[in-house]
Amino acid sequence: MILEKYSSNWITDFTAIKLEFDNALSGLTYTIEHVGSTAVSNLDAKPIIDIDIIYYEQPDFEKIKARLARIGYYHNGNQGIEDRDVFKRNGFPSDSLLDTIQHHLYVCPVNSKALERHILSRNFLRKNDWARIKYQQMKYELAEKANQDRKVYAALKELTVNDFIDSIIAEERQTQNSDLA
């Protein structure tokens, strides 16, 4: 199965990975966010923890990149998404935690549109049961259409779910703006 029932272990896994990053990035200025479906309580998801490391000054990117390299990550470019750099495990040095908990790691500047998209969609899904339920239903329908093939699922999701995500992001943006007024 592509999707798994929600597990509170995902929060525990994120916290454990975050601690590893906090140790590696000690002394730098950054924030770490748990994003994606595993960050939303009661939302079934692929069991892969999505993590954004956020930096505030452009020179900090190179420092973060160097520190991540020391703990076994390599920079894999932005994969076509501006201001969202991807880091993957290379296994050197090996780490029993980082090598066993499946995760996607992104490093973003604080003003990144991709980061904003991650945060706004996560926050909206956390606060709105109807949206979480609808999104979950959409994901199960796509998994069925994809015959449980992860690559086909990802391609279908990209084609069909973006309009829904865009609509909830717009709604969350409005909520934030009215809260500031």
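Residues numbered from 1 in each chain as written. Predicted model: local features only at pLDDT ≥ 70, side-chain atom pairs only at ≥ 80, totals over all residues. Heavy atoms only, no water.

A. Geometry of the sheet that holds strand β5 (residues 103–109). In spatial order, the strands read β1-β2-β5-β4-β3; together these five strands make up an open sheet with mixed pairing. On the outer flanks of this sheet lie β1 (30–35) and β3 (73–75), each paired with one strand and no other. Mean inter-strand twist for the sheet, computed between neighbouring axes without regard to direction, equals 30°. With three bridges joining them, strand β4 (residues 85–89) and β5 adopt antiparallel strand pairing. Across the sheet, Asp 85 pairs through a bridge with Val 107, a residue of β5. Docked against the sheet, helix α1 (residues 9–24) engages β1, β2 (49–55), β3 and β5, running at close to 160° with respect to β1. Its contacts with the sheet put helix α3 (residues 113–127) on β1, β2 and β5, and the angle it makes with β1 is roughly 50°. (Pairing = 2+ DSSP bridges. Helix = DSSP H or I, 4+ residues; strand = E, 2+ residues; numbered from the N terminus. Axes fitted to C-alpha atoms, helices over the stretch in contact; angles between N-to-C directions. Contact = heavy atoms within 4.5 Å.)

B. Region of the structure containing the packing of aromatic side chains. If you walk through the whole model with that rule in mind, you get six aromatic pairs. For the ring pair Tyr 135 and Phe 164, a centre distance of 6.1 Å and an interplane angle of 20° mean the geometry is stacked. Linking Tyr 135 in helix α4 (residues 129–145) with Phe 164 in helix α6 (residues 162–180), this pair joins segments that are 29 residues apart in sequence. Assigned by exposure class, Tyr 135 and Phe 164 land together as buried. Three or more aromatic residues joined by ring pairs make a cluster, and in this case those are Tyr 55, Phe 61 and Phe 87. One Lys or Arg, Arg 89, reaches over the ring of Tyr 73 and ends 4.8 Å from the middle of that ring. (Phe/Tyr/Trp six-rings, centres within 6.5 Å; stacked < 30°, edge-to-face > 60°. Buried < 20%, exposed > 50% of the residue type's maximum accessible area, 1.4 Å probe, protein only. Lys NZ or Arg CZ within 6 Å of the ring centre and 35° of its normal.)

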